[in-house]
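Single-letter residue listing:
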Amino acid sequence: MTGKTHASCGCLIGMYFAKDYGVSLESVVILSVAVTGSVVPDICHTKSYIGRRLPIVSFIFSIIFGHRSFTHSLLFLLLNFMILDIISVPTVFIVSYTVGILSHLILDMMTKTGVSLFYPLKKRMSLPIYFKTGGIVDYLLFFVFIGITYCILM
């Protein structure tokens, strides 16, 4: 999936968690951490949205792990959750960030190449129905996520 699709899904997740906070600093942070969580697994891809913004970190992850391996795994998800919990980040922020990462994994499992969900095992996991990154379904998902986000906002 494209970065736009991942970010729009993260926006939907963030809006869902933030809807009870109204217009507030908390709602902005919830939305931001969900969108961040939805794009952070692509830190292993130097040409991704986050990879272009953190090129040195992205290059290191790319060299060490390759694309869609460690950063696209349940281990990565768990480590992020644990680190945020250890540093006492409020639960609503941890949950929205973690669900953002999870949405990224699920969306990338909807591609033919899949993800190394159980890293360090090399086996890649895909869902039985998959779509081409940048294809029509990818763009349709983007618009669906934005549309649902708008409905939650209203």
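Residues numbered from 1 in each chain as written. Predicted model: local features only at pLDDT ≥ 70, side-chain atom pairs only at ≥ 80, totals over all residues. Heavy atoms only, no water.

A.B. asks: What should I look at first to understand unusual backbone geometry in this one?
C.D. replies: One can expect most non-glycine residues to show negative phi and most peptide bonds to be in trans. The amide bond that connects Tyr119 to the next residue, Pro120, takes the cis arrangement and shows omega of 20 degrees. Assignment of secondary structure puts Pro120 in the loop between α6 (91–108) and α7 (136–153). One non-glycine residue, Arg68, lies in the positive phi region at around 60 degrees. Its place among the elements puts Arg68 in the loop between α4 (55–65) and α5 (74–86). The backbone of Ser88 sits at a positive phi, close to 60 degrees, despite the residue not being glycine. Relative to the helices and strands, Ser88 resides in the loop between α5 and α6. (Helix = DSSP H or I, 4+ residues; strand = E, 2+ residues; numbered from the N terminus.)

A.B. asks: Looking at this structure, how should I read the side chain of Ser96?
C.D. replies: Among the secondary structure elements, Ser96 is positioned in helix α6. Those residues in contact with Ser96 that lie beyond four places of it in its chain are Ile13, Phe17, Ile30, Val33 and Ala34. (Contact = heavy atoms within 4.5 Å.)

A.B. asks: Help me understand the environment of Leu102 in this model?
C.D. replies: Relative to the elements of secondary structure, Leu102 occurs in helix α6. The exposure class assigned to Leu102 is partly exposed, which follows from its relative accessible area of 33%. (Buried < 20%, exposed > 50% of the residue type's maximum accessible area, 1.4 Å probe, protein only.)

A.B. asks: I tried to follow the packing of helix α1 (residues 3–18) against helix α2 (residues 25–39) on my own but got confused; where do I start?
C.D. replies: For any two helices packed against each other, the geometry is given by the interaxial angle and the distance between the axes. Contact pair α1 / α2: the axes reach a minimum separation of 7 Å and the direction vectors enclose 145 degrees. Note that α1 runs across α2; the crossing there is right-handed. Across from Gly3, His6, Ala7, Gly10, Cys11, Ile13, Gly14, Met15, Phe17 and Ala18 in α1, the residues of α2 making contact are Ser27, Ile30, Leu31, Ala34, Val35, Ser38 and Val39. Taken together, the residues of the contact of α1 with α2 break down into 11 nonpolar, six polar and no charged. (Axes fitted to C-alpha atoms, helices over the stretch in contact; angles between N-to-C directions. Left-handed = near helix turned anticlockwise from the far one by under 90°. Nonpolar A, V, L, I, M, F, W, Y, C, P; charged D, E, K, R; others polar.)

A.B. asks: What is the right way to look at the environment of Val92 in this model?
C.D. replies: Tracing the chain through its elements places Val92 in helix α6. Along the chain, Val92 and Ile129 lie 37 residues apart, while their C-alpha atoms are 32 Å from each other.

A.B. asks: What exactly am I supposed to notice about the pattern of salt bridges here?
C.D. replies: Opposite charge on two side chains permits them to pair, given that their charged atoms come into close proximity. By the definition in use, this model includes one salt bridge. Where Asp108 meets Arg68, a salt bridge forms, and the shortest distance between an N and an O atom there is 3.3 Å. One end of the pair, Asp108, is in helix α6; the other, Arg68, is in the loop between α4 and α5, with 40 residues separating them in the sequence. Among the residues examined, Asp108 registers a relative accessible area of 1% and is labelled buried. (Salt bridge = Lys/Arg side-chain N within 4 Å of Asp/Glu carboxyl O.)

A.B. asks: Explain the side chain of Ser103 to me, please; I cannot follow it from the model alone.
C.D. replies: In this structure, Ser103 sits in helix α6. The residues touching Ser103, leaving out its near neighbours within four places in the chain, are Cys9, Ile13 and Ser38.

Distances and angles like these do not, on their own, reveal function.
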